[in-house]
Amino acid sequence: MATLEKLTPVSRYSNLRAAESADASVHWCYMHADLAHQPGRACFKPALVNEIIQYQWSLADRMRRARGHDDGGLQHVVLASDCDAFNLGGDLEYFCDAIRRQDRHALLTYARQCVRGVHAFHTGLDAGAHSIALVQGDALGGGFEAALSCHTIVAEEGVGMGLPEVLFDLFPGMGAYSFLCKRIPPHQAERLMLSGEIHGSDELHKMGLVDVLVPRGQGVQAVEEVIRANRRIPHARTAMHRVRAMSQPVTLEEMMAITEVWVDTALQLGEKSLRTMERLVRAQYKRHGSRAAALA
């Protein structure tokens, strides 16, 4: 089992960093690699979303070809972050601009790309992979949705997770309801979505939304233990993914339809909601050291 220090870097993108174990059975996808060089926001900027999808396509193709030659064993894909936040959600700056211009096409294109990305993690890249979210920093809005899309969520203690979209009169439309309802009752999922509250990872673990909770700094080791445990039961784990997909399907068509509702709702937002979004954007810039935001 390769530890984090023994991971081999693979193709470098502008907004994410990819690495894998020596035997190419564990693949790590780190978001926000760009923030190490240039201050910005740890959110799903369109460029990051597009690069995640490119990475998923490339990796899925490799996995399928490997399975064609031999059994290959169970593959694992870990979604993590290179900064102090897992992901703060959708690109609110992009949303504000598109809403003010009433650009439905721009919003819908963005939302559909997000849905393709989270649905791919949900299906194990359609290549039989086990997807794991390692949440070591706040996971809000779309960031929480991305974590929920994975088969297993490993979170460190004291991390904030939630769906604050209702603060600007919107709802999380890229998979939150569909994924939450696979883990908790629908009425509880709706309450979580409409409250806008940020919950601690320990509370969500008690609710069943976080699978593995560990002390700060122990997230990587916990992921490695999850992988070790699943290597002992590769066929059972693979079969469980198939059974879950049959008994609790979350189809791409369902998610795309919900996204249409999200776009139409977003386009109705007024100036008060947009100003709230802009305040959150300024807070995101300030959090990650943007000089422009600090001077604003």
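An unreviewed UniProt entry annotates the chain as Enoyl-CoA hydratase originating from Thermomonas aquatica. In its Sequence similarities (unreviewed entry) section, the UniProt record describing the chain reads: "Belongs to the enoyl-CoA hydratase/isomerase family."

Draft legend 1. Examining a nonpolar patch on the surface more closely. Judged by side-chain polarity, Met240, Val243 and Met246 come together as a nonpolar surface patch covering roughly 320 Å² of accessible area. Counting through the fold element by element, methionine 246 comes out in helix H9 (residues 234-247).

Draft legend 2. Region of interest: the sheet that holds strand E2 (residues 16-20). Read across the sheet, 7 strands follow the order E1-E2-E3-E4-E6-E8-E11 without closing on themselves; strand pairing throughout is mixed. Of all strands in the sheet, those bounded by a partner on one side alone are strand E1 (8-9) and strand E11 (212-214). Each of strand E3 (26-31), strand E4 (76-81), strand E6 (130-135), strand E8 (152-156) and E11 touches helix H8 (residues 219-231); the most contacted strand, E6, lies at about 160° to it.

Draft legend 3. Broad picture of the sheet that holds strand E9 (residues 160-162). Overall, mixed pairing links the 4 strands, which are arranged E5-E7-E9-E10 in an open sheet. Across the chains shown, the open sheet's two edge strands, defined by having one partner strand only, are strand E5 (85-87) and strand E10 (198-200). Strand-to-strand twist across the sheet, computed as the mean angle between neighbouring axes with direction ignored, equals 25°. Contacts from helix H4 (residues 142-149) reach E5, strand E7 (138-140) and E9, with the element oriented near 100° to E7.

Criteria and thresholds
- The residue numbering used here restarts from 1 in each chain and proceeds along that chain's sequence as written.
- Local features in this predicted model are restricted to residues of pLDDT 70 or higher, and side-chain atom pairs are both shown and tallied only at a pLDDT of 80 or more, whereas totals for entire chains, interfaces and linings draw on every residue.
- For side-chain calculations, the full set of non-hydrogen atoms in the structure is used, while hydrogens and water are omitted.
- UniProt positions are given in the numbering used here, feature names are shortened, and annotations may be inferred rather than shown by experiment.
- To count toward a patch, a residue needs a relative accessible area above 30% and no salt bridge. Like charges then connect within 9 Å, nonpolar side chains (Val, Leu, Ile, Met, Phe, Trp, Tyr) within 5 Å.
- The accessible surface values rely on the Shrake-Rupley method and a 1.4 Å probe; as for residues, cover is taken only from the protein chains in view.
- Think of a salt bridge as a Lys or Arg side-chain nitrogen and an Asp or Glu carboxyl oxygen that are within 4 Å of each other.
- Each helix is a run of H or I in the DSSP string that is no shorter than four residues. Each strand is a run of E no shorter than two, and both are numbered from the N terminus.
- Pairing between strands is defined by DSSP: at least two bridges between them are needed.
- Residue contacts follow a heavy-atom distance rule, with two residues in contact if any of their heavy atoms lie within 4.5 Å.
- Here an angle of 0 to 180 degrees is reported between the N-to-C directions of two axes, which are lines fitted to C-alpha atoms, with helices fitted over the stretch in contact.

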